[in-house]
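Observations on the three-dimensional arrangement
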Amino acid sequence: MADLVIELEEHGSKGRYVYRPASGDPAEITYSVVNPTKIIVDHTGVPESMRGQGVGQALAEHVVKDARAKGISIIPLCPFFKALAQRHEDWQDVVEL
């Protein structure tokens, strides 16, 4: 699923990374900005039709990649994102567990 087109939408102190399939509802990871160097990932939503296809994983990897590029850290409140982060030691440079 590495070829997904994932877009970033920001509105004030809130944002989301979203994947829009050709048909159906989008998948997303939402976050809140704590300060210029820290975000809280608070929700991952993947429609039933996309579950088990790696869409949530691809979104999470995109968030981590973007955090590294921007020099920010992530506080994972979302259970899905937190579980992934606990399995990915290579994310510990940007994820605060």
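Provided above is the structure to which this section pertains.
A short tour of the structure in this document, coming up. A quick note: this is a predicted structure, and the numbers were derived from the prediction, not measured.

**Here we look at the environment of Pro26**
Inspection of the secondary structure assignment puts Pro26 in the loop between β2 (14-19) and β3 (27-35). Residue Pro26 is classed as partly exposed on the basis of its relative accessible area, which comes to 33%. Distance in space between the C-alpha atoms of Pro26 and Ile39 is 22 Å, their sequence separation being 13 residues.

**Some points on helix α2 (residues 79-87)**
Buried within α2 are the following residues: Phe81, Leu84 and Ala85. Down the axis of α2, the sector holding all buried residues measures 100°, keeping them to one side. Residues of α2 that are exposed and angled more than 90 degrees away from the buried face: Pro79, Gln86 and Arg87.

**Observations concerning helix α1 (residues 55-70)**
Between its first and last C-alpha atoms α1 spans 23 Å; for 16 residues at 1.5 Å apiece the expected length is 22 Å, and the two agree. The complete set of buried residues in α1 reads Val55, Gly56, Ala58, Leu59, Ala60, Val63, Val64, Asp66 and Ala67. Residue Gly71 follows α1 closely and has a positive phi angle near 70°.

**Some thoughts on the pattern of salt bridges**
Applying the stated rule across the entire model yields eight salt bridges. Overlapping salt bridges bring together Glu7, Glu9, Arg16, Arg20 and Glu28 as one network.

**Considering the packing of aromatic side chains**
By the definition in use, this model includes two aromatic pairs. Seen from their ring centres, Tyr17 and Tyr31 are 5.8 Å apart, and the 40° between their planes marks the pair as tilted. Placement of the pair is Tyr17 in strand β2 and Tyr31 in strand β3, with a sequence separation of 14 residues. Across the pair, exposure class does not vary: Tyr17 and Tyr31 are buried alike. Summarising the aromatic geometry, the rings of Phe81 and Trp91 are spaced 5.7 Å apart at their centres and angled 35° between planes, so their arrangement reads as tilted. Placement of Phe81 in helix α2 and of Trp91 in the segment after α2 is noted, with a sequence separation of ten residues between them. Classification of Trp91 as buried rests on a relative accessible area of 3%.

Criteria and cut-off values
- Residues numbered from 1 in each chain as written.
- Predicted model: local features only at pLDDT ≥ 70, side-chain atom pairs only at ≥ 80, totals over all residues.
- Heavy atoms only, no water.
- Helix = DSSP H or I, 4+ residues; strand = E, 2+ residues; numbered from the N terminus.
- Buried < 20%, exposed > 50% of the residue type's maximum accessible area, 1.4 Å probe, protein only.
- Arc of directions from axis to C-beta.
- Expected span 1.5 Å × (residues − 1).
- Salt bridge = Lys/Arg side-chain N within 4 Å of Asp/Glu carboxyl O.
- Phe/Tyr/Trp six-rings, centres within 6.5 Å; stacked < 30°, edge-to-face > 60°.

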